[in-house]
Amino acid sequence: MISLPFSRQSFALEALVQAHCPELADLHAPAFHHAWSEEDFAGMLSQGNIFGFIARPVGKPGQSAGFVLARLVAGEAEILTIAVSSAFQRRGIGRELMEAVLRHLHHERAESLFLEVDESNVAAQALYRRLGFIQVGHRPAYYETEQGRSGALVLRRQFQQKIVLP
Ligand SMILES: CC(C)(COP(=O)(O)OP(=O)(O)OC[C@H]1O[C@@H](n2cnc3c(N)ncnc32)[C@H](O)[C@@H]1OP(=O)(O)O)[C@@H](O)C(=O)NCCC(=O)NCCS
């Protein structure tokens with residue numbers, strides 16, 4: 001288990017493994033219109049190119065606060081999902097989860113990271129823009145929500161890679 005202490009030492013990140021799947025389903029369900037099941041997460045985590053992190057309050061081993069799941073294929077990565085439970089929001093956990101993904105991708109020499117975000121999701125858009133994402137596309141009526149269909153913004157964060165000439 002990898003445990004990385006971060007801001008104010010009150011939460012720690014663990015790299016995702018199969019044993020986390022029940023917690024991931026519990027964190028995902030209240031955050032999204034279409035909940036992903038434990039089996040959905042198990043299937044995704046069995047793919048070698050999907051990775052992520054879960055955040056826990058330090059000293060409370062059974063409790064989880066949020067997680068992020070991402071995929072890296074041939075230098076191009078995407079955020080599959082991210083959720084922080086409402087009781088733990090606005091404490092820097094979403095940012096720490098995203099920064100853990102960015103560090104991993106930098107280490108893996110990824111070229112770019114893409115994600116889709118509901119155009120009405122002000123909180124997530126603010127988080128992503130602070131991390132250097134810019135809008136590169138728009139998918140109209142992409143999400144089905146309780147209020148009807150909603151468009152998606154496609155955002156991208158590029159990594160600076162030094163090209164070393166022979
Ligand atoms: C989006 C989400 C992951 C953010 O997690 P979080 O832990 O609350 O975010 P952080 O505390 O790290 O916030 C980092 C920055 O994002 C922005 N932000 C986060 N929540 C915000 C909100 N409700 N309103 C405006 N800005 C917000 C702010 O710039 C914030 O920095 P600040 O607190 O210094 O002002 C969380 O709101 C969530 O799980 N939402 C439901 C699921 C979801 O929408 N996932 C994204 C799908 S694309």
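Visitor: When you look at the environment of Ala-55 in this model, what are you seeing that I'm missing?
Guide: With respect to the helices, strands and loops of the structure, Ala-55 is situated in strand E3 (residues 50-57). Along the backbone, Ala-55 and Ala-12 are 43 residues apart, and their C-alpha atoms lie at a distance of 5.5 Å.

Visitor: Is there a simple way to explain the pairing of strand E5 (residues 76-84) in this structure?
Guide: Side chains on a regular strand alternate between the two faces of the sheet. Where strand E4 (residues 66-73) lies against E5, eight bridges are found, and the strand directions are antiparallel. Counted as the bridge partner of Leu-69 is Thr-81 from E5. Hairpin connection from E4 to E5: two residues lie between these consecutive antiparallel strands, with Ala-74 at a positive phi of about 45°. In this structure, E5 lies alongside strand E6 (residues 112-118), joined through three bridges in parallel fashion.

Visitor: I'm lost on unusual backbone geometry in this one. Help?
Guide: Most of the time, phi is negative for any residue but glycine, and the peptide bond is trans. A positive phi angle, close to 60°, is found at Arg-109, a residue other than glycine. Here Arg-109 is to be found in the loop between helix H3 (93-107) and E6. You will see that Ala-141, though not glycine, has its phi angle at about 45°, which is positive. For Ala-141, the position within the fold is in strand E7 (residues 134-145).

Scoring rules and cut-offs
- Residues numbered from 1 in each chain as written.
- Predicted model: local features only at pLDDT ≥ 70, side-chain atom pairs only at ≥ 80, totals over all residues.
- Helix = DSSP H or I, 4+ residues; strand = E, 2+ residues; numbered from the N terminus.
- Pairing = 2+ DSSP bridges.

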